[in-house]
Amino acid sequence: VANLKNPRQKDDQTNVATSLFLLCQQLKPAFMKEVDSHFTEFVNSLVAKSALLDSSTSASHFPASSSEKEQHKAKTLRAPPEHGKIFTARRSLLDELFEVSHIRTIYHMFIALLIVFILSTLLVDFIDEGRLVLGFDLLVFVFGKFPVVFCTWLCMFCATVFVPYNLFIWWAQGHCSSSHRVLRSLFYGMLFTVFQTAGLGFGPTYIAVSYALPPASRFIVILEQVRLVMKAHSFVRENVPRVLSSVKDKSSTVPIPRISQYLYFLFAPTLIYRDNYPRNPVIRWSYVATKFAQVLGSLFYAYYIFVRLCIPQFRNSSQETFNLRGLVLCIFNSILPGVLILFLVFFAFLHCWLNAFAEMLRFADRMFYKDWWNSTSYANYYRTWNVVVHDWLYYYAYRDFLWFFGKKFKAAAMLSVFTVSAAVHEYVLSICFGYFYPVLFCLFMCFGMVFNFILNDRRKGPIWNVIMWTSLFLGQGVIICLYSQEWYARQYCPMKNPTFLDYLKPRSWSCHMKM
């Protein structure tokens, strides 16, 4: 009987083993997938912790307070840099997307559209003139008086190099031994404020207006003025708390950045100062040449957009009587050139120009923008459209406002940031165009604020992305239409002895009524 049972037991054992083997084979993919997900999470957390540790090590002069009470009492000290922006090596989003053939085809479509604009212009000029007209009178006009622009920029840059840096050194070296630290800090702070407002603020603006620089030349001067003001503020804002921390800790050394670090920051494509940034090992000069070529191509693209889509329309409409139907048609006819100009500004400056300088400086953090085109809310659009400026506004306007007044005033902090941003945008356009017409300011403060609260981060789904794009298209049409009408109105209806109020009143309203 025992001999008869053994084969049956062996068969049962074999069947059990086979079943277990098959079960293990079925569970193996799920088990490996689970292990892989846990391992990926572990590696990501390890990388994040190492980045925080590296940031805190490179900025060891920012000691954290021992308790929350000390942090609350020591209001003269800012949070350590690990609570601020962390720079990491990463590529720009478009560089990654252009590796996909489908996205690269969209880029080729825009190049084909540029070729169509060029052919259209050449054929129309040949039919009208009987010859090919290859002049670029508009570009020559808008970028005129370039020697004045270069000299102005050189003076601004040299002043930004020497004045803020030396003021900070003089203040930092004598702060520890001074018996009147508050008065001394107020004195140097007042000198820095005078330099920011009078030296960098009033000086370039006076030159742009008094020398009657053309629009593009004014844009170069005023945008560089704003950039250098923001850079100088960031340098002082980041380094003053380090000196205060060293004094509080009774350190024997005063943390003063080297002039080379400050010079690198002035050229680097960021508005947040750090002593060190992640760097790439080599410079790809072919990449730099490609980006500058794309900037030049975008410039000619904008030229043909204005020549073919804007100038004929507004040159004729400015001689017609104002009516509501004409205004509505003007806005909708301006949507196409407005959207194209928006794309060109984004691509030429935020992608090509900044990436070219980042490559030459081996600056590794290329996140100058995010996927703003996928935004389903204006809150996300404002955060992702221009990350460079958003970071400055977030850390030095929004967070400093909350630090000073308290975290209960988040709505007031957001309103103040919107106001500052809208005022600076309107200031740039007013100086560059030579007239005050607060269309952009009203769009920012009225529709921008309303959409920011209505189209907030809780809005998800494709329909909200469609709504965002629709409102963005309409806004670009309004901006191109109204500013262009005002430009031509001031050309056709000049005033002999204008008063200060005449510069503030829109000329396009009265000019249309006269005609």
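On a predicted model such as this, the values are computed, not experimentally measured, just so you know. (Residues numbered from 1 in each chain as written. Predicted model: local features only at pLDDT ≥ 70, side-chain atom pairs only at ≥ 80, totals over all residues. Heavy atoms only, no water.)

### A closer look at the overall build of the protein
Here is step 1: The number of helices and strands found in the protein is 19 helices and zero strands.
Here is step 2: In the protein, which comprises 515 residues, the share counted as buried stands at 41%.
Here is step 3: Considering only residue pairs separated by 6 or more positions, the protein has 76% of its internal contacts joining residues 24 or more positions apart.
Here is step 4: Carbon and sulfur atoms make up 69% of the accessible area of the protein, which totals about 29800 Å². (Helix = DSSP H or I, 4+ residues; strand = E, 2+ residues; numbered from the N terminus. Buried < 20%, exposed > 50% of the residue type's maximum accessible area, 1.4 Å probe, protein only. Contact = heavy atoms within 4.5 Å. Areas by Shrake-Rupley, 256 points an atom, 1.4 Å probe, with all protein chains shown as cover.)

### Section: the packing of helix 8 (residues 215-248) against helix 9 (residues 259-267)
Here is step 1: One way to put it is that helix 8 packs onto helix 9 with a least axis distance of 10 Å and a crossing angle of 140°. The angle between helix 8 and helix 9 places the two elements in the oblique class. The element helix 8 and its partner helix 9 pack so that their crossing is right-handed. Of helix 9, the residues touching helix 8 (which contributes Arg227, Lys231, Ser234 and Phe235) are Tyr262, Phe265, Leu266 and Phe267.
Here is step 2: Residues belonging to the contact of helix 8 with helix 9 are distributed by class as follows: five nonpolar, one polar and two charged. (Axes fitted to C-alpha atoms, helices over the stretch in contact; angles between N-to-C directions. Parallel < 35°, antiparallel > 145°, perpendicular 65-115°, else oblique. Left-handed = near helix turned anticlockwise from the far one by under 90°. Nonpolar A, V, L, I, M, F, W, Y, C, P; charged D, E, K, R; others polar.)

### Quick notes on the pattern of salt bridges
A pair can form between side chains of opposite charge whenever their charged atoms are brought close.
Here is step 1: For the coordinates displayed, the defined rule picks out 11 salt bridges.
Here is step 2: Two residues, arginine 242 and aspartate 275, come together in a salt bridge whose shortest N-O distance is 2.7 Å. Of this pair, arginine 242 sits in helix 8 while aspartate 275 sits in the loop between helix 9 and helix 10 (285-317), and the two are 33 residues apart along the sequence.
Here is step 3: Residue arginine 242 is classed as buried on the basis of its relative accessible area of 5%.
Here is step 4: Since its relative accessible area comes to 17%, aspartate 275 is described here as buried. (Salt bridge = Lys/Arg side-chain N within 4 Å of Asp/Glu carboxyl O.)

### Side note on the packing of aromatic side chains
Here is step 1: A full pass over the atoms with the stated rule returns 50 aromatic pairs.
Here is step 2: Where tyrosine 378 meets tyrosine 381, the ring centres are 5.8 Å apart and the plane angle is 75°; that geometry is what we call edge-to-face. Taken as a pair, tyrosine 378 and tyrosine 381 lie in helix 13 (residues 378-385) at a separation of three residues, close to a single helical turn.
Here is step 3: Look at tyrosine 378 and you get buried, because its relative accessible area is 6%. (Phe/Tyr/Trp six-rings, centres within 6.5 Å; stacked < 30°, edge-to-face > 60°.)

### Section: the state of the cysteines
Here is step 1: In total, this model carries one disulfide according to the counting rule given.
Here is step 2: Put simply, cysteine 330 and cysteine 481 are joined by a disulfide, and their sulfur atoms are 2.3 Å apart. With the S-S dihedral at roughly 125°, the linkage between cysteine 330 and cysteine 481 falls on the right-handed side. One end of the pair, cysteine 330, is in helix 11 (residues 324-333); the other, cysteine 481, is in helix 17 (residues 462-492), with 151 residues separating them in the sequence. Per residue, the accessibility class of cysteine 330 equals that of cysteine 481, and both read buried. (Disulfide = S-S within 2.5 Å.)

### Some words on helix 7 (residues 181-210)
Structural remark: α-helix, 3.6 residues per turn; residues separated by three or four positions point the same way.
Here is step 1: The first and last C-alpha atoms of helix 7 sit 41 Å apart over 30 residues, in line with the 44 Å expected at 1.5 Å per residue.
Here is step 2: The largest bend in helix 7 amounts to roughly 30° and is located at phenylalanine 202, with the proline proline 204 lying one to four residues further along.
Here is step 3: Buried residues of helix 7: Arg184, Tyr188, Phe192, Phe195, Gln196, Leu200, Pro204, Thr205 and Ala208, and no others.
Here is step 4: Where helix 7 is buried, its residues contact helix 6 (146-175), helix 8 and helix 15 (410-433).
Here is step 5: Positive phi appears at alanine 212, one or two residues downstream of helix 7, with a value of about 50°. (Expected span 1.5 Å × (residues − 1). Bend = angle between axes of the 7 residues up to and from the residue.)

### Description of unusual backbone geometry
Here is step 1: With phi around 55°, lysine 145 is a residue other than glycine that occupies positive phi space.
Here is step 2: Position of lysine 145 among the secondary structure elements: in the loop between helix 5 (137-142) and helix 6.
Here is step 3: In this structure, arginine 362 is a non-glycine residue whose phi angle is positive, near 60°.
Here is step 4: Turning to its location among the elements, arginine 362 is positioned in the loop between helix 12 (335-360) and helix 13.

### Digging into a nonpolar patch on the surface
Here is step 1: Together, Phe143, Phe146, Phe150, Leu154, Ile220, Leu296 and Leu299 make up a nonpolar patch on the protein surface, roughly 590 Å² of accessible area in all.
Here is step 2: Residue assignment for the nonpolar patch shows that the elements contributing at least two residues are helix 6 and helix 10.
Here is step 3: Counting residues per element, the nonpolar patch draws most heavily on helix 6, at three residues.
Here is step 4: Note on placement: leucine 154 falls in helix 6. (Patch = residues over 30% accessible without salt bridge, like charges linked within 9 Å, V, L, I, M, F, W, Y side chains within 5 Å.)

### Observations concerning the UniProt feature "active site" (unreviewed entry) in the protein
Here is step 1: On the UniProt side, "active site" (unreviewed entry) is annotated at positions that read His425 here.
Here is step 2: With respect to the secondary-structure elements, histidine 425 resides in helix 15.
Here is step 3: Judged by its relative accessible area of 36%, histidine 425 falls in the partly exposed class.
Here is step 4: In contact with histidine 425, other than residues within four places in its own chain, are Leu440 and Phe444.
Here is step 5: A polar atom in the side chain of histidine 425 sits 2.7 Å from the backbone oxygen of serine 421. (UniProt positions renumbered as here; feature names shortened; annotations may be inferred. Polar contact = N/O pair within 3.5 Å; in protein donor to acceptor, adjacent residues only side chain to side chain.)

### Observations regarding the UniProt feature "transmembrane region" (unreviewed entry) in the protein
Here is step 1: UniProt's feature table lists "transmembrane region" (unreviewed entry) at residues 106-127, 139-165, 186-209, 285-306, 327-358, 409-429, 435-454 and 466-485, given in the numbering used throughout.
Here is step 2: Between the end C-alpha atoms of residues 139-165 the distance is 37 Å, and the span holds 89% helix and 0% strand.
Here is step 3: Secondary structure over residues 327-358 splits into 97% helix and 0% strand, and the C-alpha atoms at its two ends are 43 Å apart.

### What to know about the environment of leucine 443
Here is step 1: Structurally, leucine 443 can be placed in helix 16 (residues 439-454).
Here is step 2: For the pair leucine 443 and valine 478, spaced 35 residues apart in sequence, the C-alpha separation works out to 9.3 Å.
Here is step 3: Contacts of leucine 443, omitting those with residues within four sequence positions, involve Gly448, Gly475, Val478 and Ile479.

### Considering the packing of helix 15 against helix 16
Here is step 1: At a closest axis distance of 8 Å, the pairing of helix 15 and helix 16 adopts a crossing angle of 150°. Compared by their axis directions, helix 15 and helix 16 come out roughly antiparallel. Pair helix 15 / helix 16 crosses with right-handed handedness. Mapping the contact onto sequence places Met414, Leu415, Phe418, Thr419, Ser421, Ala422, Ala423, His425, Glu426 and Leu429 in helix 15 and Val439, Leu440, Phe441, Phe444, Met445, Gly448, Met449, Asn452 and Phe453 in helix 16.
Here is step 2: For the contact of helix 15 with helix 16, a count of residues per class yields 13 nonpolar, five polar and one charged.

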